Amino acid sequence: MNIGQLFLELLADDARLTPQVEAAAGKAGDAGAKTLGQRLSAGLKTGGVRAFSLAFGAAAGAVTRGAMQMEEATAAFAASTGVSMDEAKAAMEGANRTAGDQRRSLEEVTQVAIAVRKDLGAVGEEAQRLTEDFVEFARVTKQDAAGAVSDFDDLIDAYGLTLDQVRTIQDQLLVSTHKYGGSITDNQKALAAMAPQLRALGLGYEDGIELLNLFAASGLDAAAGQKALNSAIQKLPPGETLDEFIGRLASVADDGERARLAMEVFGSKAGAKLANAIRPGRESLDAFGVSVTESAGAVDKAAEKLDSTFGARFQRMLSQAGAALRGLGADFGPLTSALATVGLLASGLRAAVARPLPRRSSASGRPSQRMLLSPMWPMRPMLHAISVLAGK
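In this text, all values refer to a predicted model and were calculated from it rather than measured experimentally. (Residues numbered from 1 in each chain as written. Predicted model: local features only at pLDDT ≥ 70, side-chain atom pairs only at ≥ 80, totals over all residues. Heavy atoms only, no water.)

J.: Any chance you could explain unusual backbone geometry here in plain terms?
T.: Where the residue is not glycine, phi is negative for most of them; where a peptide bond is considered, it is trans in most cases. Of note in this structure, R103 is not a glycine but carries a positive phi near 60°. With respect to the helices, strands and loops of the structure, R103 is situated in the loop between α3 (85-102) and α4 (106-120). Here the phi dihedral of K142 falls at roughly 55°; this positive angle occurs in a residue that is not glycine. Note that K142 resides in the loop between α5 (124-141) and α6 (145-159). (Helix = DSSP H or I, 4+ residues; strand = E, 2+ residues; numbered from the N terminus.)

Here you go:
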């Protein structure tokens, strides 16, 4: 009696559950469990080994690709900057972490790291910090990170600033566009271009940001604002500073008179627009300023908002996992390459096992001469063992 028959009889009449039936049921159940266990064990052996083989091959391939990417990035950095391979490797380890955290490709971050080294002259931890700052700033403001490095290089040189001030300026420019509008890429370029005129007037980069905000509030883009500034430098009344003139202009209540005065100094087109922004209550450029305290951490906060959605968090997790694989590949590149080679050889051997060998001689039942001469014949036991382990 098997377990199926018992089940049907008990289903029909559960009163027939006698000691004899119980004993038979126990034996049938044990036999069924044994058979099921054997099937599960066999399935796990073949399917499990096959799954492990596939997973291992995929992981080894990913790590090997990561090692190659890190090698290429390291070589590119060393070739572009002239540093040693050891120094380039250290720089690319930091660049790889930044790529993972900021959801950017290693190639893009490598170009930023090269620009930071060549244009800004930063090295070591300072270079890594600046690389991450520029990649994050570019991601938030949707601009090319390496291009931003070039713009800030001009800006730092123009005003005699230090690299420690880079993040502060980025924060101030970002908050300025939040409050007054305008293009942040145009503003960072214009801020550097305005430096000679501003410094001739005894003004610094923060005054330049205030002017750019004034221009934006007036409906002028950065290029038109620069023309207005050039006009003001030539036409300011003798002995009066730009800030003093703006204060005097703001004190004029009559719109027409205020516009006339503004056009005399800033030019006809820009003056009329500036007169609408420079009005009573805005007695100086400070009214358009963004303080260091007000803007502190603006770029970081904007990046956190970008990373706050489920999709962004998932993408960041994948990006960080990719960076981890690249880092693993860089640390264990030769080993993973060897393992990948073994995987390829194993695949080739499995394919060879699947290929039919010459048949035995039908007359004697012994291997034919053709079979014995086959190069696969001596390897048949080993190939069979590999095929069994591979689940083929």
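J.: I would appreciate a short explanation of a nonpolar patch on the surface in the present structure.
T.: Side chains of F310, F314, M317 and L318 sit close together on the surface and give an oily, nonpolar patch of about 450 Å² of accessible area. One can find M317 in helix α17 (residues 310-331). (Patch = residues over 30% accessible without salt bridge, like charges linked within 9 Å, V, L, I, M, F, W, Y side chains within 5 Å. Areas by Shrake-Rupley, 256 points an atom, 1.4 Å probe, with all protein chains shown as cover. Salt bridge = Lys/Arg side-chain N within 4 Å of Asp/Glu carboxyl O.)

J.: Just checking my understanding: could you explain the pattern of salt bridges for this structure?
T.: Opposite charge on two side chains permits pairing when their charged atoms draw close. Per the counting criterion, the structure on display carries 16 salt bridges. Residue E294 pairs with K179 through a salt bridge whose shortest N-O separation is 3.2 Å. In this pair, E294 sits in helix α15 (residues 292-295) while K179 sits in helix α7 (residues 166-180), placing the two residues 115 residues apart along the sequence. For E294, a relative accessible area of 42% translates into the label partly exposed. Taking relative accessible area as the criterion, K179 reaches 43% and is therefore assigned partly exposed. Salt bridges here are not isolated pairs; linked through shared partners, they connect E126, R129, D133, E136, D164, R167 and D300. (Buried < 20%, exposed > 50% of the residue type's maximum accessible area, 1.4 Å probe, protein only.)

J.: What exactly am I supposed to notice about the environment of G281 here?
T.: In this fold, G281 is placed in the loop between α14 (268-277) and α15. The spatial distance from the C-alpha of G281 to the C-alpha of A250 is 7.0 Å, given a sequence separation of 31 residues.

J.: Just to check I follow, could you spell out helix α13 (residues 255-266) for this structure?
T.: Helical geometry note: an α-helix holds 3.6 residues per turn, so side chains three or four residues apart project in the same direction. Here α13 contains 12 residues, and its C-alpha end-to-end distance of 16 Å stays within 8% of the 16 Å for a straight helix at 1.5 Å per residue. Listing the buried residues of α13 in full gives R258, A259, L261, A262, V265 and F266. The buried residues of α13 all sit within an arc of 165° when viewed along its axis, so they share a single face. Against α11 (222-235), α12 (242-250) and α14 lie the buried residues of α13. Where α13 begins, the capping side chain belongs to D254, and its oxygen is found 3.2 Å from the backbone nitrogen of G256. (Expected span 1.5 Å × (residues − 1). Arc of directions from axis to C-beta. Contact = heavy atoms within 4.5 Å. Polar contact = N/O pair within 3.5 Å; in protein donor to acceptor, adjacent residues only side chain to side chain.)

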